[in-house]
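Structural features, examined
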Amino acid sequence: MMRRYRLNRVGVPSLVAAMVLLAGGVASPANAQVVQVTRADARHLVGFNLGYFIVNGEDSRVDDDVLLANLNDLAFRIEDFNNWTFGGEWLFGVSNYLETGVGVGYYQRTVTSVYRDFVNDNGSEIAQDLKLKIVPISATIRFLPLGRGAAVEPYIGGGIGIFNWRYTESGEFVDFSDGSIFREQYKADGTSVGPVVVAGLRIPVGDAFTAGFEYKWQKAEGDTNPAESDLIASKIDLGGNTFGFTMHFRF
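Residues numbered from 1 in each chain as written. Predicted model: local features only at pLDDT ≥ 70, side-chain atom pairs only at ≥ 80, totals over all residues. Heavy atoms only, no water.

Some points on the overall build of the protein
Stated formally: Numbering of helices and strands runs from the N terminus, with a helix taken as a DSSP run of H or I at least four residues long and a strand as a DSSP run of E at least two residues long. A 1.4 Å probe rolled over the protein chains alone gives each residue an accessible area, and that area as a share of the maximum for its type sets the label: buried under 20%, exposed over 50%, partly exposed in between. Whether two residues touch is decided by their heavy atoms; if any such pair falls within 4.5 Å, the residues are in contact. In this description, accessible areas are obtained by the Shrake-Rupley approach with a 1.4 Å probe, and a residue is regarded as covered only by the protein chains that are shown.
When helices and strands are counted, the protein shows three helices and 11 strands. Listed by position from the N terminus, the elements making up the protein come as α-β-α-β-β-β-β-β-β-β-β-α-β-β. Going through the 251 residues of the protein one by one, you find that 37% of them count as buried. The long-range fraction of contacts in the protein, counting pairs at least 24 apart against all pairs at least 6 apart in sequence, stands at 68%. When the accessible surface of the protein is split by element, carbon and sulfur atoms take 60% of a total near 14,200 Å².

Structure representation (structure tokens):
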């Protein structure tokens, strides 16, 4: 009886102490591994944008623009080329107030036109499809006056754009030398370079996502090379303004 009593007096406290030490040893490494990362610590953003591209109007297009030249004979409006655009981008936080980024977009629009003063012998319209496609690739640097991780993140910046483009006219055309009507397709394509300016506002949604709005201005022109393309003017204006919605995942 005395021997069992001594074991209980010594063994139980020792067992409890050992369990406490073991629990403390397991808990300490686990607690050391828990690191809270805020949205200000995330330097990378990957996202997409959906916007509406408004091409330069009649009064602001480049000289000898093919669309302006076509207005002399064809019935359409420059603003008919306004259309939706979409793209994606990757941004990197250089510092708390500066970001760099690269992005790519896609725009395409087909506009149907007819001759103003000519019709077919049966009275039907002499119609053409005018099609413009632009794939811009841009590199920008942005300034965030309130810093990354603020309740709202306004930014402004600029950079350079590389614009891959293609313009075609297909359908019926009038030969003014003899008044005959024929079917043909004229096309020109190329790659142009020009400045890009961006401004926008991002609103953090938790630590992982942002949603916002962005304005983008671009300026560029393409050479249609009339000697090869047979288009009636030597330039195509690729400039305009985009108003869009953005969404990003940050990590």
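There's more to say after this.
Brief notes about the pairing of strand β11 (residues 240-250)
Operational definition: Strand pairing follows a simple DSSP-based rule, namely that at least 2 bridges must link the two strands.
Direction of pairing for strand β1 (residues 44-55) relative to β11: antiparallel, over a ladder of 11 bridges. When the sheet's bridge partners are listed, Tyr52 is paired in β11 with Phe243. Here 10 bridges tie strand β8 (residues 209-218) to β11, and the two strands are oriented antiparallel to one another. When the sheet's bridge partners are listed, Tyr215 is paired in β11 with Phe243.

Remarks on the confidence of the model for the protein
Using the following cut-off: Note on scores: pLDDT gives the predictor's confidence for each residue, bounded by 0 and 100.
Here the protein averages 88 in pLDDT, while 84% of its residues score no lower than 70. Low confidence marks residues 1-37, where pLDDT is under 50. Its contacts with residues over four positions away, or in another chain, come to three contacts.

Let's talk about the packing of aromatic side chains
For any two aromatic rings, the description comes down to two numbers: the centre-to-centre distance and the angle of the planes. The condition is simple: Aromatic pairs are defined between Phe, Tyr and Trp rings, using the six-membered ring for Trp, whenever the two ring centres lie within 6.5 Å; interplanar angles under 30 degrees are classed as stacked, those over 60 as edge-to-face, and all others as tilted.
Counted by the stated rule, this structure contains 14 aromatic pairs. Geometrically, the ring pair formed by Phe173 and Phe182 is tilted, given 6.2 Å between the ring centres and 35° between the ring planes. By relative accessible area, which is 29% here, Phe182 ends up partly exposed. Members of the aromatic cluster, connected to one another through ring pairs, are Tyr115, Phe118 and Phe176.

A short note on the pattern of salt bridges
Between side chains of opposite charge, pairing is possible as soon as their charged atoms come close. To be explicit about the condition: Criterion for a salt bridge: a side-chain nitrogen of Lys or Arg within 4 Å of a carboxyl oxygen of Asp or Glu.
Inspection of every chain in the model, using the stated rule, returns 10 salt bridges. Across the salt bridge formed by Arg77 and Glu79, the nearest N and O atoms sit 3.9 Å from each other. The partly exposed category is assigned to Glu79, whose relative accessible area is 41%. Arg142 is the salt-bridge partner of Glu89, the closest N and O atoms lying 2.9 Å from each other. With Glu89 in strand β3 (residues 83-93) and Arg142 in strand β5 (residues 125-143), this residue pair connects regions lying 53 residues apart in the sequence. Exposure class is identical for Glu89 and Arg142. Each is buried. By sharing partners, the salt bridges in this structure join Glu99, Glu153, Arg202 and Arg250 into a single network.

Regarding the pairing of strand β4 (residues 98-119)
As judged from the two bridges shared by strand β2 (residues 74-75) and β4, these two strands associate in the antiparallel manner. Bridging from a neighbouring strand, Ala75 pairs with Val114 of β4. By the bridge criterion, nine bridges tie β3 to β4 in an arrangement that is antiparallel. Bridge pairing links Gly87 to Gly105 in β4.

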